[in-house]
Amino acid sequence: MPPKKKTAKKNANSTANIGFEAKLWLAADKLRSNMDAAEYKHVVLGLIFLKYISDSFEEMHAKLAAGEGDFEGADPEDADEYKAENVFWVPKEARWANLQANAKQPTIGKIVDDAMVAIERDNPRLKGVLPKDYARPALDKHRLGELIDLVSTIGLGDKENRSKDVLGRVYEYFLSQFASAEGKRGGQFYTPSYVVRLLVEMLAPYHGRVYDPCCGSGGMFVQSEKFVLEHGGRIGDISVYGQESNSTTRRLAVMNLAIRGIEADFGPEHADTFRRDLHKDLKADFVLANPPFNDSDWHRNEDDVRWQFGIPPKGNANFAWVQHFLHHLAPNGTAGFVLANGSMSSNQSGEGEIRKAMIEADLVDCMVALPGQLFYSTAIPVCLWFLTRNKSARESKGGEAIRSRHRETLFIDARKMGTLVDRVHRELTEEDIAKISDTYHLWRWDIEKTLEIAEKKGIQLSLSAPYEDIPGFCKSASTEEIEKHGYVLTPGRYVGAEDVEDDGEPFEEKMPRLVTELEAQFEESARLEKEILRNLRGLRYGD
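Per chain, the residues get numbers from 1 upward, laid out in the order the sequence is written. At least 70 in pLDDT is required for a residue's local features to be given in this predicted model, at least 80 for side-chain atom pairs to be given and counted, and no such filter applies to totals for whole chains, interfaces and linings, which use all residues. Think of the side-chain values as coming from all heavy atoms in the structure, minus any hydrogens and water.

In the nomenclature of an unreviewed UniProt entry, the protein chain corresponds to site-specific DNA-methyltransferase (adenine-specific) from the organism Oceanipulchritudo coccoides. Note on the protein chain: under the UniProt heading Sequence similarities (unreviewed entry), the record states "Belongs to the N(4)/N(6)-methyltransferase family." The record in UniProt for the protein chain states the following under Catalytic activity (unreviewed entry): "a 2'-deoxyadenosine in DNA + S-adenosyl-L-methionine = an N(6)-methyl-2'-deoxyadenosine in DNA + S-adenosyl-L-homocysteine + H(+)". UniProt positions are given in the numbering used here, feature names are shortened, and annotations may be inferred rather than shown by experiment.

## With respect to unusual backbone geometry
Although it is not a glycine, Q373 sits at a positive phi angle of roughly 65 degrees. Tracing the chain through its elements places Q373 in the loop between strand 6 (364-369) and strand 7 (382-388). Unlike most non-glycine residues, R407 shows phi in positive territory, near 60 degrees. Among the secondary structure elements, R407 is positioned in the loop between strand 9 (401-402) and strand 10 (408-413). Counting from the N terminus, the helices are the DSSP runs of H or I reaching at least four residues and the strands are the DSSP runs of E reaching at least two.

## Quick notes on the sheet that holds strand 3 (residues 264-265)
Criterion used throughout: strands pair if DSSP finds at least two bridges between them. Sheet architecture is open: 9 strands sit in the order 3-2-1-4-5-7-6-10-13, paired in mixed fashion. Since the sheet does not close on itself, it has two edges, and those belong to strand 3 and strand 13 (474-478), each with one partner. Bridge analysis of strand 2 (residues 238-242) against strand 3 gives 2 bridges, and the strand direction is parallel. Residue V240 lies in a different strand from strand 3, and its bridge partner there is A264. We call two residues in contact when some of their heavy atoms are within 4.5 Å. A fitted line through C-alpha atoms serves as each axis, taken over the contacting stretch for helices, and the angle formed by two N-to-C directions is quoted from 0 to 180°. Contacting strand 4 (284-289), strand 5 (329-340), strand 6 and strand 7, helix 9 (residues 193-203) crosses the sheet at an angle of about 155 degrees to strand 5.

Put into structure tokens, the structure is as follows:
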């Protein structure tokens, strides 16, 4: 294991650790009846959002009403008191107690819509974000009332549940379940949390600007903030910048971050990153992204300043995204993103030349081949790219000593990792994520200097073995080796075959023994074939 701060904790929010969330999902899904998952999603997530901010509000309201300490003399009905504490002000008509009291009324749809309108009215950053179509005739009001009763059973606003981010976990779990239920249509916006966690653990965004130009529901930002908190930082240590082309998905992202108190700049509205870059002047310390795979329907301007390494082909946006990420990277910035495997080896329409130019510019830091079946939305095998603008020795913002890695690239073949959770879906375990990310950090770090820095700062680190190539899993390759492979970045080409444990049997003895065993199996096969034919004839089948 590489050195890690002892204060670091393992993320316990894996879907593998989900307990009550799964039961809650099943209960909520029973109320769906014939409603399409894509439509039902906004009904459920809107209510969970309402419950979340209402619980936060009530907790703050109780403190203000008690008037103790810093809150002495405070007015619990003054909206400014809540804004000062970064808590959403919830007007009376939108408070959860009001909704729950009216859950059985036939007018409950309009009551929920009015609540959403009131919250947007009093909280400008949520303007135009919340769903406001609960009164529509197609939505069964009896089932809506039952759903409100069900959502009332979670969260509870008590200190223990709030410290566990219960509603946040429910929200994240429901997002993933909706992606699964909607299949290819819904999965476009959702990157599985274990893939996002792997990206975040490898990039380690302790401080600085984090950017995702195709941010979907904002999962990259949520995990980045969790990483900061788990390593002793605070919300606000990173600044979040996002862009999303789908207006509905953008609203989900705003809600997803709002319930966690994360401030984000999503630009003024939804917009296509290639047509209208909403953060033109941004230079990010970290870029995390999962752009659409092999997108053939994208807007290309041949004179775009972003095409520093070559004009991407019209029929595939992969290298348009890659160059967009590079364009927005700060001088010491790093980018980690998901792409289809074809990006590692394609030579079509100039893609090979763009990849070669980036490799020769010494920008490719690490490549990871992932196992199949990780995504809800596609069976396309995918990989992770990690690019950096600076491979020189330096101290990272997280306090680690980074060694010089000029003209070196790390290849990790993780295709054999992961665990099947059902017939068609695989997940990376915490151990898988740790093994891959630890290998990357070990490769990058100057361990002795990292320990010196930690000692000066009074931080205790656990020791670990230095990085070594492992046949079949990881290999540190030079740019010259990559050139010999035609600038193909597929890890399997570099890591070689896994070592097989020597059983101690000399080859000159083993081969004759295996041949004898094979001959015996051929004889047994021939005997069984005759036996089967004889039995069939006994049943008057066959010749």
